[in-house]
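Commentary on secondary and tertiary structure
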Amino acid sequence: MKLMMRLFFWFLITAFILFYPMLISFYVFLPLFVGVMGYIFIEGIDKGKWVNILLSLVYFVNLEVNLSLPFFLILISVLIVYMLFYSTLTHLKKCKVCIPLLTVLLIDVVYLGMLLAYDFIFGTSSIVLDTILLYSLVVDLLVVVVL
């Protein structure tokens, strides 16, 4: 029974990663979860969990392909946050919620800034700034508190 529960859990995780970005392209009010998956990616790097890194990479690529976003921009944003900010955030070890919250906030802000810079440099319009992005940020922060 325990094996069946574990297989069912991994089936749900895999289905979410493969099909959720497709749902976002149909229903634009769904949150993107860029920050949450970025935090899972950073935790995978930090703790050496290859499954977390692989699942996050598949989610990033799937999201970028389904939403026609610049390729690997999410990964670059997450790696910038990891290299520049994450080591200073680990000094807050006593606050169990502060590190995930600040990491997700930084990932979302850096990604939005890089997306706006990409749009400005290449004269495109990848994303429209409105309340849906704010909603996505708030949901990212709430989900990472639960994790």
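Since the model is a prediction, treat every value here as computed from it, not as a measurement.

1. Some points on helix H5 (residues 98-122)
One full turn of an α-helix is made of 3.6 residues, so residues set three or four places apart face in the same direction. With 25 residues, H5 extends 36 Å from end C-alpha to end C-alpha; this agrees with the ideal 36 Å at 1.5 Å per step. All of the buried residues in H5 are Ile99, Pro100, Thr103, Val104, Ile107, Asp108, Val110, Tyr111, Leu115 and Asp119. Directly beyond the C-terminal end of H5, a positive phi value near 65° is found at Gly123.

2. So, the pattern of salt bridges
Within this structure, the stated rule accounts for one salt bridge. The partner of Lys47 in a salt bridge is Glu43, with the nearest N and O atoms 3.2 Å apart. Taken together, the residues span about one helical turn, with Lys47 and Glu43 both in helix H2 (residues 34-47) at a distance of four residues.

3. Concerning the packing of H2 against helix H4 (residues 73-89)
H4 packs onto H2 with a crossing angle of 55° between their chain directions and a minimal axis gap of 10 Å. When the interaxial angle is binned, H2 and H4 end up oblique. Where H2 crosses over H4, the two elements pack in a sense that is right-handed. From H2, Val34, Gly38, Phe41, Ile42, Glu43, Ile45 and Asp46 reach across to H4, where they touch Ile74, Leu75, Val78, Leu79, Val81, Tyr82 and Tyr86. Class assignment of the residues belonging to the contact of H2 with H4 gives a composition of eleven nonpolar, one polar and two charged.

What counts, and at which threshold
- Residues numbered from 1 in each chain as written.
- Predicted model: local features only at pLDDT ≥ 70, side-chain atom pairs only at ≥ 80, totals over all residues.
- Heavy atoms only, no water.
- Helix = DSSP H or I, 4+ residues; strand = E, 2+ residues; numbered from the N terminus.
- Expected span 1.5 Å × (residues − 1).
- Buried < 20%, exposed > 50% of the residue type's maximum accessible area, 1.4 Å probe, protein only.
- Salt bridge = Lys/Arg side-chain N within 4 Å of Asp/Glu carboxyl O.
- Axes fitted to C-alpha atoms, helices over the stretch in contact; angles between N-to-C directions.
- Parallel < 35°, antiparallel > 145°, perpendicular 65-115°, else oblique.
- Left-handed = near helix turned anticlockwise from the far one by under 90°.
- Contact = heavy atoms within 4.5 Å.
- Nonpolar A, V, L, I, M, F, W, Y, C, P; charged D, E, K, R; others polar.

Any functional reading would require information that these geometric values do not contain.
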